[in-house]
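The lines below spell out each chain.
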Amino acid sequence: MTMGTATEGTAITPELAAKAERDDLLTLGVEEEYLLADAVEPRAAEAVDAVFAELPEHLRNVVQHEYHRTQIEVASPPQLELDDLAASLRELRSEVGAAAERAGARLIAVGTGPAAGPNARIVDKPRYHLMRERFGDLSPGQGMCGTHVHVSIPDPETGVQILNHLRPWLPVLQAATANSPLFAGHDTGYASWRSMMWERWPTVGPAPYLQSHEHYLTLVADLEASGAMLDEGMLYWYARLSASYPTVEIRMGDVMPSADDAVLLAALARALVATLLREVRSGVQAPDVAHPLLMAAHWRAAHDGLEGLNIDMATREPRPAWRLLRQLFDYVRPELERHGDLARVTLLMGRLREHGTGAARQRAVLARGGSVGEVVDWLARTTRGQDAPEPI
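Residues numbered from 1 in each chain as written. Predicted model: local features only at pLDDT ≥ 70, side-chain atom pairs only at ≥ 80, totals over all residues. Heavy atoms only, no water.

Let's shift gears to the overall build of the protein. A tally of helices and strands in the protein yields 14 helices and eleven strands. Here the C-alpha atoms of the protein give a radius of gyration of 19 Å, agreeing with the 21 Å that 2.2 N^0.38 yields for 392 residues. Taking all 392 residues of the protein together, the buried fraction comes to 59%. Accessible surface, the protein as shown: approximately 15,300 Å² in total, 51% of it carbon and sulfur. In the protein, the 37 positive side-chain charges and the 53 negative ones have mean positions that sit 4 Å from each other. (Helix = DSSP H or I, 4+ residues; strand = E, 2+ residues; numbered from the N terminus. Rg over C-alpha atoms; globule rule 2.2 N^0.38 Å. Buried < 20%, exposed > 50% of the residue type's maximum accessible area, 1.4 Å probe, protein only. Areas by Shrake-Rupley, 256 points an atom, 1.4 Å probe, with all protein chains shown as cover. Lys, Arg positive; Asp, Glu negative; His and termini not counted. Charge placed at Lys NZ, Arg CZ, Asp CG, Glu CD.)

Structure (structure tokens):
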């Protein structure tokens, strides 16, 4: 929920920016929010300050607090190479996970707290206290954890046009990230319960169809004046212009169990933005998909994940969500190839098809006779990339 500011660890270097411009490539970065669980019990643990005390010094500028004391957030440095992004995310998960262990907790990449437990307290920061005072108890439970992918754009005006083109594609990407079927010790019937809880906030949802960057700024100012958000950092549209970086920020998804899951999402997001950038430059008009249909598609993504249906925006008819994701893959394939990502993404798509989303994998643990505690154990191992058999 925070509005991050660019730091030495997450700002693009001049060398990387020059290489991206020279080769006409887009940079990408990933922010991930994690839940902290008790070392023994599956319940969430208010351990964020203890974990910060155990962090290595070199990570202090890429790790930050989130809204609840049960959460912690990391941000990868901007990258051009997918291998570098994967290495960065694995290091962050491993190092922060080790710090959590030293603090008597476990790091788990999950959208909501799977186990029963008391509502977590918020972090003691003036901004969070003001949010709590104005908006009340819109975040009950133990914390909501998402993934945000940043993809570079040439300028804000172009970025706004890309936001328009992104709208029809985001529901299926959301379906691919679904990783919160359990809440407070029971199966909610949704693949992403975090998505349903998240919608309580007044500015959460698909971005509207935007006329220009000026229109975007006017809406931001009007929403601030209305009291629906404190500042631009609380513009929780599923895709927005970053308040801190020259990027489009795609932010509708749950945090996913493994670093590979996050890398797949990031690669697809970059290839999609690159494909849409070419359409914007060619003068292709973005489809003005009706807002209620987008809301229905995002609800379907939260309910079904990839294992059910979603809405084909071209025909307005339900289709298997996996088929729509494959359609997206085929659409962006040229940009995956141009950015050097096609081989890795093809492999990761195959693994996703075989094993399912995080929600499907959590339910597989339960189906084998496992408990919520065993789900949390599996999440803790998978988050840190430790060897563990897939629960299928």
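So much for the structure itself; the text now carries on.
For helix H9 (residues 259-281), which comprises 23 residues, the first-to-last C-alpha distance of 33 Å matches the rise-based estimate of 33 Å (1.5 Å per residue) to within 8%. Gly283 sits one or two positions beyond H9 and adopts a positive phi of about 80°. (Expected span 1.5 Å × (residues − 1).)

Before going further, it helps to examine the packing of aromatic side chains. Evaluated as defined, the whole model comprises nine aromatic pairs. Ring centres of Tyr216 and Trp237 lie 5.7 Å apart, and the angle between their planes is 85°; this geometry places the pair in the edge-to-face category. With Tyr216 in helix H8 (residues 213-226) and Trp237 in the loop between H8 and strand S8 (239-241), the pair connects residues that are 21 residues apart, well separated along the chain. Of the two residues, Tyr216 and Trp237, neither departs from the other in class, the shared state being buried. These aromatic residues form a ring-pair network of at least three members: Tyr67, Tyr128, Phe135, Trp198, Trp201 and Tyr236. (Phe/Tyr/Trp six-rings, centres within 6.5 Å; stacked < 30°, edge-to-face > 60°.)

This brings us to the pattern of salt bridges. Taken as a whole and assessed by the stated rule, the structure comprises 25 salt bridges. With its nearest N and O atoms 2.5 Å apart, the salt bridge here joins Arg194 to Asp254. Remark: Asp254 occurs in strand S9 (residues 247-254) and Arg194 occurs in helix H7 (residues 193-198); sequence separation between them is 60 residues. For the pair shown, Arg194 and Asp254 are each scored as buried. One salt bridge in this structure joins Arg326 and Asp330, with 3.2 Å as the shortest N-O distance. (Salt bridge = Lys/Arg side-chain N within 4 Å of Asp/Glu carboxyl O.)

Another point: the pairing of strand S4 (residues 105-108). A regular strand places its side chains so that they alternate between the two faces of the sheet. Side chains Ala105 and Leu107 project from S4 onto one buried face, and the interleaved Arg106 and Ile108 project onto a second face that is buried too. Two elements, strand S1 (residues 28-38) and S4, share four bridges in a ladder whose sense is antiparallel. Within S4, the position partnered with Leu35 by the bridge is Ile108. (Pairing = 2+ DSSP bridges.)

Turning our eyes to something else, we now look at the side chain of Ser242. Note on placement: Ser242 falls in the loop between S8 and S9. Of the residues examined, Ser242 reaches a relative accessible area of 12% and is grouped as buried. At 3.1 Å, the side chain of Ser242 forms a polar contact with the backbone nitrogen of Ser244. A distance of 3.1 Å separates a polar atom in the side chain of Ser242 from the backbone nitrogen of Tyr245. (Polar contact = N/O pair within 3.5 Å; in protein donor to acceptor, adjacent residues only side chain to side chain.)

Looking now at the environment of Leu309. Structurally, Leu309 is set in strand S10 (residues 309-312). C-alpha of Leu309 to C-alpha of Trp322: the two residues are 13 residues apart in sequence and 8.0 Å apart in space. If we skip the residues at most four places from it in the chain, Leu309 touches Arg300, Asp304, Pro318, Arg319, Pro320 and Ala321. (Contact = heavy atoms within 4.5 Å.)

Two numbers describe how H9 lies on helix H11 (residues 321-338): the axes approach to 8 Å, and their chain directions differ by 75°. With respect to each other, H9 and H11 are oriented roughly perpendicular. Here Ala267, Leu268, Ala271, Leu272, Ala274, Thr275, Leu276, Arg278 and Glu279 of H9 lie close against H11, whose contacting residues are Leu325, Leu328, Phe329, Tyr331, Val332, Glu335, Leu336 and Arg338. Class assignment of the residues belonging to the contact of H9 with H11 gives a composition of twelve nonpolar, one polar and four charged. (Axes fitted to C-alpha atoms, helices over the stretch in contact; angles between N-to-C directions. Parallel < 35°, antiparallel > 145°, perpendicular 65-115°, else oblique. Nonpolar A, V, L, I, M, F, W, Y, C, P; charged D, E, K, R; others polar.)

Running from amino to carboxyl end, helix H13 (residues 358-367) crosses helix H14 (residues 372-383) at an angle of 135°, the nearest separation of the two axes being 9 Å. Comparing their axes, H14 and H13 come out oblique. Where H13 crosses over H14, the handedness of that crossing is right-handed. Every residue of H14 that contacts H13 at Arg361, Gln362, Val365 and Leu366 is listed here: Val372, Glu374, Val375, Trp378 and Leu379. (Left-handed = near helix turned anticlockwise from the far one by under 90°.)

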